[in-house]
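Architecture and fold: a report
Spelled out, the chains give:
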Amino acid sequence: MKHAWGPLTEGLTVPRDLDLDLDLGNRARALKQLKVQPAAHSQMVSMIREVLPEREEGLLTGSRQGPLLAARKQRVGESGGTHTVT
């Protein structure tokens, strides 16, 4: 697995032991590991589709880091949009 530590993982609960290692190669599993609600993920994808051209939208939502972005978006939404990444 390639590690993805940095601003997208800051403040997130990311599995770190060998049995539960975050699997960014398996989108469905990664979303489940990060406890991303299906509705929150769908909302994020819809928002991205509204603002980006199709090609860029596909690159962003289909990237290995997509589940991390979804988890970050969900966390920001849960905090009322007031959380900032420093």
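Structure report, in brief. Being a predicted model, the structure only gives us computed values, none of them experimental. (Residues numbered from 1 in each chain as written. Predicted model: local features only at pLDDT ≥ 70, side-chain atom pairs only at ≥ 80, totals over all residues. Heavy atoms only, no water.)

1. Details of the packing of helix 2 (residues 38-51) against helix 4 (residues 66-78)
The geometry of helix 2 relative to helix 4 is characterised by a closest axis approach of 9 Å and an angle of 105° between their N-to-C directions. The orientation of helix 2 relative to helix 4 falls into the category roughly perpendicular. Residues A40, H41, Q43, M44, M47 and I48 of helix 2 touch helix 4, and the partners they reach there are G66, L69, A70, K73 and Q74. Within the contact of helix 2 with helix 4, the residues separate by chemical class into six nonpolar, four polar and one charged. (Axes fitted to C-alpha atoms, helices over the stretch in contact; angles between N-to-C directions. Helix = DSSP H or I, 4+ residues; strand = E, 2+ residues; numbered from the N terminus. Parallel < 35°, antiparallel > 145°, perpendicular 65-115°, else oblique. Contact = heavy atoms within 4.5 Å. Nonpolar A, V, L, I, M, F, W, Y, C, P; charged D, E, K, R; others polar.)

2. As for the packing of helix 2 against helix 3 (residues 54-61)
For the pair helix 2 and helix 3, the least separation of the axes is 8 Å and the interaxial angle reads 150°. Looking at the two axes, helix 2 sits roughly antiparallel to helix 3. In the crossing of helix 2 with helix 3, the sense of the turn from one axis to the other is right-handed. Residues V45, I48 and R49 of helix 2 lie in contact with helix 3, whose contacting residues are E57, L60 and T61. Of the residues assigned to the contact of helix 2 with helix 3, the class counts are three nonpolar, one polar and two charged. (Left-handed = near helix turned anticlockwise from the far one by under 90°.)

3. Concerning the environment of H41
Counting through the fold element by element, H41 comes out in helix 2. Note on H41: relative accessible area 18%, which makes it buried. Put simply, H41 and A70 are 29 residues apart on the chain and 5.7 Å apart in space, counted from C-alpha to C-alpha. In this structure, H41 is in contact with L31, V36 and A70, ignoring residues within four places of it in sequence. (Buried < 20%, exposed > 50% of the residue type's maximum accessible area, 1.4 Å probe, protein only.)

4. Structural notes on unusual backbone geometry
Its identity is not glycine, yet K35 carries a phi of approximately 60°, on the positive side. Along the polypeptide, K35 turns up in the loop between helix 1 (27-33) and helix 2. Judged by its relative accessible area of 60%, K35 is exposed.

5. Structural notes on a nonpolar patch on the surface
Taken together, V51, L52 and L60 make up a surface patch of nonpolar side chains, about 240 Å² in accessible area. Structurally, L52 can be placed in the loop between helix 2 and helix 3. (Patch = residues over 30% accessible without salt bridge, like charges linked within 9 Å, V, L, I, M, F, W, Y side chains within 5 Å. Areas by Shrake-Rupley, 256 points an atom, 1.4 Å probe, with all protein chains shown as cover. Salt bridge = Lys/Arg side-chain N within 4 Å of Asp/Glu carboxyl O.)

6. Concerning the pattern of salt bridges
Counted according to the given criterion, the structure contains one salt bridge. Notably, a salt bridge pairs E57 with R49, separated by 3.4 Å at the nearest N-O pair. Residue E57 is classed as buried on the basis of its relative accessible area, which comes to 9%. The class of R49 is exposed, set by a relative accessible area of 54%.

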